[in-house]
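This is what each chain is made of:
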Amino acid sequence: GKVVQVLQVYGDTLWEFAGSHRPPGFVDGEVLATEEPSSTDQTSTSGTEAIETETKAEDADLEQNEEEETTQPITQEEREEMDKLLEFCFLQAARTRVKDKDLPIEISLFFSQYMRPARPKGTLVDIKKSTHKKLTTFLSYLQSEELIKLSTNKGQTRVSQVIRKNPTYYEFQPIPFEETEEGVKAAEDEAASKPAVPPIEVEELYKPHKSMYGVMFPQDREAYYSAQQCRDFLNNYIKDQGLVDPSSQGQIVLDPQLCDALFEGESHGNNPLPTHMNRAEVSKRFTRRLGAYFRMKGGKLKKPSTFPARMVPGKDGKEPRPPGVSIKTETRRGHNVTLVRNLELLGIDPEVLMTACVVYGLLLSCTYAVNLCRSSHKK
């Protein structure tokens, strides 16, 4: 559609009728520049030049200053290498990017939007450093090799056809998309668009011993409680039942329910159970009777997961620790395999880690399994 509506043209009948004066630069039938055009003016004179400028800007961090390029001599060998790179970019683009329905394409667009992105990662394409030196010369060469057909319409040269029956075309083996400059940028954009992995949060929780339900704790056997909540349940029970020894505030009287909570299921031989205990010892034994768990969220976990704690030797007996990475060797079908579990709980992507191990020769192969019940991963 139209984007500009022409109301008046310099020098037409309306202009002469209005007696308008001639602004600077308008001389007879010509329009002359009154000052040196800026780089912005130059890039806005045509759509083709704007595209070329934008394309150069994309690789500004990799290309040298144009003034430096002109002062540095280019050897014939370097020009021939650039010729090979240009031909590679054309064939890679023709095989993987250019569709017949996209044709015809204006040559500057063909170069900037199809050929340049198809170059191998880490390389630069500069026609001025080739033996062709100009894009039209290079494309004319491809036409002479019967790889493309060019056409001209309203002064614009276009690529009108890619000749896919040419042996050079169908014998060419494209490189994977990930190894092209476009593939690298796509991967970077995808990585930047992904939300950051939240940090792992670990919460220590407890479940009451079976003898404590309905006495100190509610009957909900699926509930988990923090250490402070558990202490509050114990202290409230002692207070409500009046179990503090009047003669010694530091001693607690053990009624049958509290005695069961602290000792049920334990073997004491013929030794009678105590009737009084120090408050600190009651609290310590009460905590040891609780089932220790850890709730983990964040990282790669889609939802919080609760796991039984690992009990390890500590200063006051066994102490709870969160689940860690488990590495174990087993024999499966006559082969030794190494099983690694719980990587994801620590924010480690198992697939990324195992792929890196294969790349660096630490593993010959690996398999990836998902345990849906425990939301854990192993390889």
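Every value quoted in this text rests on a predicted model; they were computed, and no experiment measured them. (Residues numbered from 1 in each chain as written. Predicted model: local features only at pLDDT ≥ 70, side-chain atom pairs only at ≥ 80, totals over all residues. Heavy atoms only, no water.)

### A few points about unusual backbone geometry
No. 1: The omega torsion of the bond from L103 to P104 falls at 0°, within 30 degrees of zero and hence cis.
No. 2: You can see P104 is positioned in the loop between helix 5 (76-96) and strand 3 (105-106).
No. 3: Phi at E146 takes a positive value of approximately 60°, unusual for a residue other than glycine.
No. 4: Relative to the helices and strands, E146 is located in the loop between helix 7 (135-144) and strand 4 (148-153).
No. 5: Overall, the relative accessible area of 55% leaves E146 in the exposed class.
No. 6: Phi angles above zero are rare outside glycine, and R333 is one such case at about 55°.
No. 7: Structurally, the position occupied by R333 is in the loop between strand 13 (326-332) and strand 14 (335-341). (Helix = DSSP H or I, 4+ residues; strand = E, 2+ residues; numbered from the N terminus. Buried < 20%, exposed > 50% of the residue type's maximum accessible area, 1.4 Å probe, protein only.)

### With respect to the packing of aromatic side chains
No. 1: Counted under the stated rule, the structure contains eight aromatic pairs.
No. 2: Between F88 and F172, the aromatic rings sit 5.4 Å apart at their centres with planes inclined by 70°, giving edge-to-face as the arrangement. Placement of F88 in helix 5 and of F172 in the loop between helix 8 (167-171) and helix 9 (181-193) is noted, with a sequence separation of 84 residues between them.
No. 3: Judged by centre distance (6.2 Å) and plane angle (5°), the ring pair of F217 and F286 falls under stacked. Of the two residues, F217 is situated in the loop between strand 6 (201-207) and helix 10 (227-241) and F286 in helix 12 (residues 279-288); the sequence distance between them amounts to 69 residues. The burial state of F217 is the same as that of F286; both residues are buried.
No. 4: Ring-pair connections join several aromatic residues into one group, and the members of that group are F217, Y225, F233 and F286. (Phe/Tyr/Trp six-rings, centres within 6.5 Å; stacked < 30°, edge-to-face > 60°.)

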